[in-house]
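Descriptive structure summary
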Amino acid sequence: MKIYLILFIAFLISLAQLSAQNIDFVKENFPQDKGEMKEALKEIKLGDQQFIYGISGFQKAIKHYLKAYAFNQNNAMLNYKIGRTYILHTNDKRAMDYLLSAFRLNPRVNKDIHFYLGQAYHYNLQLEKAIEEFGNYQDTYTDEVSNNRRAKVNRKIKECKNGIELMANPVRVFIDNLGANVNTSSQEYAPVITADESMMIITSKRPGTTGGKMDENFNVFMEDIYVTKHRNGEWTKLENLGKPVNTTSHDASVGLSPDGQRMIIYYGDNGGD
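Residues numbered from 1 in each chain as written. Predicted model: local features only at pLDDT ≥ 70, side-chain atom pairs only at ≥ 80, totals over all residues. Heavy atoms only, no water.

Brief notes about the overall build of the protein
As a reminder, the rule being used: Secondary structure elements follow DSSP: runs of H or I no shorter than four residues count as helices, runs of E no shorter than two count as strands, and numbering proceeds from the N terminus. Only C-alpha atoms enter the radius of gyration; for comparison, a globular chain is expected to reach 2.2 Å times N to the power 0.38, where N is the number of residues. For each residue, the accessible area found with a 1.4 Å probe, counting protein chains only, is set against the maximum for its type, and the residue is called buried under 20%, exposed over 50%, and partly exposed in between. Residue contacts are counted whenever heavy atoms from the two residues lie within 4.5 Å of one another.
Looking only at helices and strands, one finds eight helices and nine strands in the protein. Its C-alpha atoms give the protein a radius of gyration of 25 Å, more than 25% over the compact-globule value 19 Å for 273 residues. Based on the C-alpha atoms only, the size of the protein along its principal axes is roughly 85 × 45 × 45 Å. Taking all 273 residues of the protein together, the buried fraction comes to 36%. Taking the intrachain contacts of the protein between residues at least 6 apart in sequence as the baseline, contacts between residues at least 24 apart amount to 47%.

A look at the nonpolar core
Keep this limit in mind: Nonpolar core, defined: a set of buried Ala, Val, Leu, Ile, Met, Phe, Trp, Tyr and Cys residues in which side-chain atoms within 4.5 Å join the residues together.
Core analysis: the biggest nonpolar cluster contains 40 residues, and Tyr65, Leu78, Tyr80, Ile82, Leu99, Ile113 and Phe134 have the highest contact counts within it. If you list the elements that add at least two residues to this core, you get α2 (34-51), α3 (55-71), α4 (76-90), α5 (95-105), α6 (113-123), α7 (127-138) and α8 (147-168). Once you skip the residues sitting within four places of it in the chain, Ile82 turns out to touch Tyr65, Leu66, Tyr69 and Tyr98. Counting six residues, the second-largest nonpolar core is a separate cluster that includes Met200, Ile202, Tyr226 and Leu238.

Some thoughts on the packing of aromatic side chains
Our working rule: Each pair of aromatic rings taken from Phe, Tyr and Trp, with Trp reduced to its six-membered ring, is defined by centres within 6.5 Å and is described as stacked if the planes are under 30 degrees apart, edge-to-face if over 60, and tilted in the remaining cases.
Taken as a whole and judged by the stated rule, the model has 11 aromatic pairs. Consider the rings of Phe30 and Phe71, whose centres lie 4.7 Å apart with planes at 45°: the pair is tilted. Residue Phe30 is located in the loop between α1 (2-19) and α2, and its partner Phe71 is located in helix α3; the two are separated by 41 residues in the primary sequence. Since its relative accessible area comes to 11%, Phe30 is described here as buried. Look at Phe71 and you get partly exposed, because its relative accessible area is 24%. When the ring of Phe51 is compared with that of Phe58, the centres are 5.1 Å apart and the planes differ by 40°; the resulting orientation is tilted. There is no split in this pair, since Phe51 and Phe58 are both buried. Among the aromatic residues, those joined into a cluster by ring pairs are Tyr80, Phe115, Tyr116, Phe134, Tyr137 and Tyr141.

Concerning α5
Those residues of α5 that sit buried are Ala95, Met96, Tyr98, Leu99, Ser101, Ala102 and Leu105. Next to the buried residues of α5 lie α3, α4 and α6.

Concerning the packing of α2 against α4
Packed helix pairs are characterised by how far apart their axes lie and by the angle those axes make with each other. In plain terms, the rule: What counts as an axis is a line fitted to C-alpha atoms, over the stretch in contact for a helix, and the angles between N-to-C directions run from 0 to 180 degrees. Reported orientations rely on four angle classes, namely roughly parallel under 35 degrees, roughly antiparallel over 145, roughly perpendicular from 65 to 115, and oblique for the rest. The handedness criterion is simple: a crossing whose near helix is rotated anticlockwise from the far helix by less than a right angle is left-handed, and one whose near helix is rotated clockwise is right-handed.
Between α2 and α4, the shortest axis-to-axis distance is 12 Å and the interhelical angle comes to 30°. On the basis of the axis angle, α2 is roughly parallel to α4. Of the two elements, α2 crosses α4, and the hand of that crossing is left-handed. Packed against α2, whose contacting residues are Ile44, Asp48 and Phe51, the element α4 presents Leu78, Lys81, Arg84, Thr85 and Leu88 at the interface.

A short note on the side chain of His250
Spelled out, the test is: Pairs of N or O atoms are called polar contacts if they sit within 3.5 Å, as long as, within protein, a hydrogen donor faces a hydrogen acceptor (for residues adjacent in sequence, only side-chain-to-side-chain pairs).
Examined against the element boundaries, His250 turns out to sit in the loop between β7 (239-240) and β8 (251-256). Reaching out from His250, the side chain makes a polar contact with the backbone nitrogen of Glu223 at a distance of 3.1 Å.

Brief notes about the pairing of strand β2 (residues 199-205)
Selection criterion: For two strands to be treated as a pair, DSSP must find at least two bridges joining them.
Burial within β2 is extensive, with five of its seven residues counted as buried. Here five bridges tie strand β1 (residues 187-193) to β2, and the two strands are oriented antiparallel to one another. Bridge pairing in β2 places Val192 opposite Ile201. Between β1 and β2, which follow one another and run antiparallel, lie five residues, and Glu197 among them has a positive phi close to 60°. Summarising the sheet, β2 and strand β5 (residues 224-231) pair through six bridges and their orientation is antiparallel. Note on β5: the bridge partner recorded for Ile202 is Tyr226.

Let's talk about the pattern of salt bridges
Pairing of side chains with opposite charge becomes possible as their charged atoms draw close. This is how the line gets drawn: Each reported salt bridge corresponds to a side-chain nitrogen of Lys or Arg within 4 Å of a carboxyl oxygen of Asp or Glu.
Applying the stated criterion across every chain, the model contains six salt bridges. Lys111 serves as the salt-bridge partner of Asp112, at 3.7 Å between the closest nitrogen and oxygen. Of the residues examined, Lys111 reaches a relative accessible area of 59% and is grouped as exposed. Measuring nitrogen to oxygen at the nearest pair gives 3.6 Å for the salt bridge that ties Arg149 to Asp112. Within this pair, whereas Arg149 is found in helix α8, its partner Asp112 is found in the loop between α5 and α6, the two being separated by 37 residues in sequence. Residue class for Asp112 comes out buried when judged on its relative accessible area of 11%.

Below, the structure written as structure tokens:
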């Protein structure tokens, strides 16, 4: 009986190892599905072509990668590409599963796997694991790793440590809805209040944006800057500042000078790294 039990356990282990085996896109692995495999390879190529365009191509790249993924879910590089693109596109928490699968299928899938795993754990608030992965990435440093990347990793580790400390000492806060004049079903954020608290500048993505354009990368309206004034104990209805402050691209409030005469604005379609 013990022999059968040992054989059964060995079978389960071998089955688990087989399920975690990397499967490349080669005809030997799919002798009955050559046509579907060819189409999957085409989708990966199209995804790679969109990826190189940066943020403007990430959403399209993911769509192509997922089509190939539907054919073969056990390819390490494809899982890595999907996870990496989700991270770079919107810091999407879904990146975690794909990156973990990529690493499980092939721990050497890409030299940056620990870097992106660190970010995935970070965005999922698993901060200890994030620090560990960033440390694993530092262990792989070569002369080819840029100073900017090294600085970013150091900053991410610091952010995680700060997060651990802050989460260990939570602070009670109250978030108040400012009423229908300001808060709607659309996004309102980045408030900037004048020194006398009589006026507030807000960024919003909502219908009626200047030029009426949509950001195709995120399927939302372009950002515009709005203003509301505090009168009789209430905030007035948000007003779009219009041109020349707002353009047909993204325009967001960043800061205001102490005298209220100068405003710092974020402008453009592409954000920083």
